[in-house]
Every structure is written in structure tokens, then in C-alpha cells.
Amino acid sequence: MESRQRAKRKTVRIRPAKPRDADAIAAVHRAPMRGAMPWLPDLHTLEEDRAWVARVVVPHQEVWVAEAEGQIVGVASLDADDMLTQLYILPAHQGTGVGSALLETAKAARPGGFRLYAFQRNTRARRFYERRGFVAIACGDGSGNEEGEPDVLYAWSPETESR
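(A) Geometry of the overall build of the protein chain. A count of helical and extended segments in the protein chain gives five helices and eight strands. Along its sequence from the N terminus, the protein chain presents helices and strands in the succession β-β-α-α-β-β-β-α-β-α-β-β-α. For the protein chain, whose C-alpha radius of gyration is 15 Å, the value lies close to the compact-globule estimate of 15 Å for 163 residues. By principal-axis analysis of the C-alpha atoms, the protein chain measures approximately 40 × 40 × 30 Å. Of all 163 residues assigned to the protein chain, the portion counted as buried reaches 46%. Intrachain contacts of the protein chain at a sequence separation of at least 6 include 60% that bridge at least 24 residues. When the accessible area of the protein chain is evaluated, it comes to approximately 8500 Å², of which 49% is carbon and sulfur surface.

Take a look at the structure:
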């Protein structure tokens, strides 16, 4: 599935990820986390992230990348349990529609619905998801994630979006 969208006068192309994209995906994964959530512990090196993306994410999940001017600027991935495990956009491309385009791609891939986690303190991400039909269904104290950070489990389905 591919789509095109204008983002600040740049054409953005959404496409399935390829194994050769692993390094760029790892970089996109890290940058927004450091910028938007500086309070998170830095648990892994870039090399560890690259290995995880190459060995786990790309081969075992449904992954899409957003490209602008030949550079990967965003990533989204869904696992076999209908969990959105990643939606990360490089800071310079946030607020341009890239995240919405990737999220719409995920919704098209799982039209019956899917879930995701967001950290409770990440209010910008939470507002983003809530505006797009996601509903908080559970809160965690951080014991279920490696960061130890309280989180919120969100769900989306066609029914929640129409509320």
C-alpha cells in the first residue's frame, strides 16, 4: 500500500519497509523519543536499536516508512497481536501530516481495530491518538514496560472512531 501526501510542500510517500531500511528506522525511532520524552531513560544504544529493528521489527511485523525527499522521516509498525508497536516521526516532520498518514495506513491494514500504548506523560501523543478515535482502555503503573514509566493502553476500532 502506498500513498502520497503534501507535507510542508514536500511529497511524502508511505511504503512497506524493506530490510535495508533498518538503520534509518532505528534512527527515526530514537530521535523523537529523545526530543519529546527527555525524561525516559536511554536503555539501549543505537547499535542495539539497529539490531532489534533488523532482527525483530522488520522481519516479524508489518512495517511502513514515510519518505520525504528520499529520506525516511517516519515509521509505523503493527505486530501479529494487532498492536501498533511504533509510530515515530522525525521532529522536523512532526505536525506535517506524516503521523496521520502512517496511522491511516495502519487503520487500513487492520480495519477491525488495533491497540497501542502511550506513556501517560506524553500528552502530545495522547492528544494525537484521542483526536483520531482512540479510546483509553487501561492505565499501567510502569511495571509492564522496560522504562518503568506509567502508560495508557488505547484501542481503536471503527466503532470508537464514530463516537
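The structure having been displayed, the exposition proceeds.
(B) Local environment of the nonpolar core. Counting 40 residues, the largest nonpolar core has Leu 84, Leu 87, Leu 102 and Tyr 129 as the members making the most contacts within it. Excluding its chain neighbours within four sequence positions, the residues that come into contact with Leu 102 are Ile 14, Trp 64, Val 65, Ala 66, Gly 74, Val 75, Ala 76, Leu 87 and Ile 89.

(C) Structural view of the pattern of salt bridges. One pass over the structure, following the stated rule, counts nine salt bridges. When the shortest N-O distance is used, the salt bridge between Arg 15 and Glu 67 registers 3.1 Å. Taken as a pair, Arg 15 in strand β2 (residues 10-16) and Glu 67 in strand β3 (residues 62-68) lie far apart in primary sequence, 52 residues in all. Among the residues examined, Glu 67 registers a relative accessible area of 15% and is labelled buried. Here Arg 110 and Asp 82 are joined by a salt bridge, their closest N and O atoms 2.6 Å apart. Here Asp 82 lies in the loop between β4 (71-78) and β5 (83-89) and Arg 110 lies in the loop between α3 (98-109) and β6 (114-119), a separation of 28 residues in the sequence. Arg 110 gets classed as buried once you look at its relative accessible area, which sits at 15%. Sharing partners across several salt bridges, the network here consists of Arg 13, Arg 15, Asp 21 and Glu 67.

(D) Up close: the packing of aromatic side chains. Within the structure shown, the criterion is met by five aromatic pairs. Seen in terms of ring centroids, Phe 114 and Trp 156 are 5.6 Å apart; in terms of plane orientation they differ by 45 degrees. Their pairing is tilted. Of this pair, Phe 114 sits in strand β6 while Trp 156 sits in strand β8 (residues 151-156), placing them 42 residues apart in sequence. In this structure, Phe 114 and Trp 156 share a single accessibility class: buried.

What counts and how
Residues numbered from 1 in each chain as written. Predicted model: local features only at pLDDT ≥ 70, side-chain atom pairs only at ≥ 80, totals over all residues. Heavy atoms only, no water. Helix = DSSP H or I, 4+ residues; strand = E, 2+ residues; numbered from the N terminus. Rg over C-alpha atoms; globule rule 2.2 N^0.38 Å. Buried < 20%, exposed > 50% of the residue type's maximum accessible area, 1.4 Å probe, protein only. Contact = heavy atoms within 4.5 Å. Areas by Shrake-Rupley, 256 points an atom, 1.4 Å probe, with all protein chains shown as cover. Core = buried A, V, L, I, M, F, W, Y, C linked by side-chain atoms within 4.5 Å. Salt bridge = Lys/Arg side-chain N within 4 Å of Asp/Glu carboxyl O. Phe/Tyr/Trp six-rings, centres within 6.5 Å; stacked < 30°, edge-to-face > 60°.

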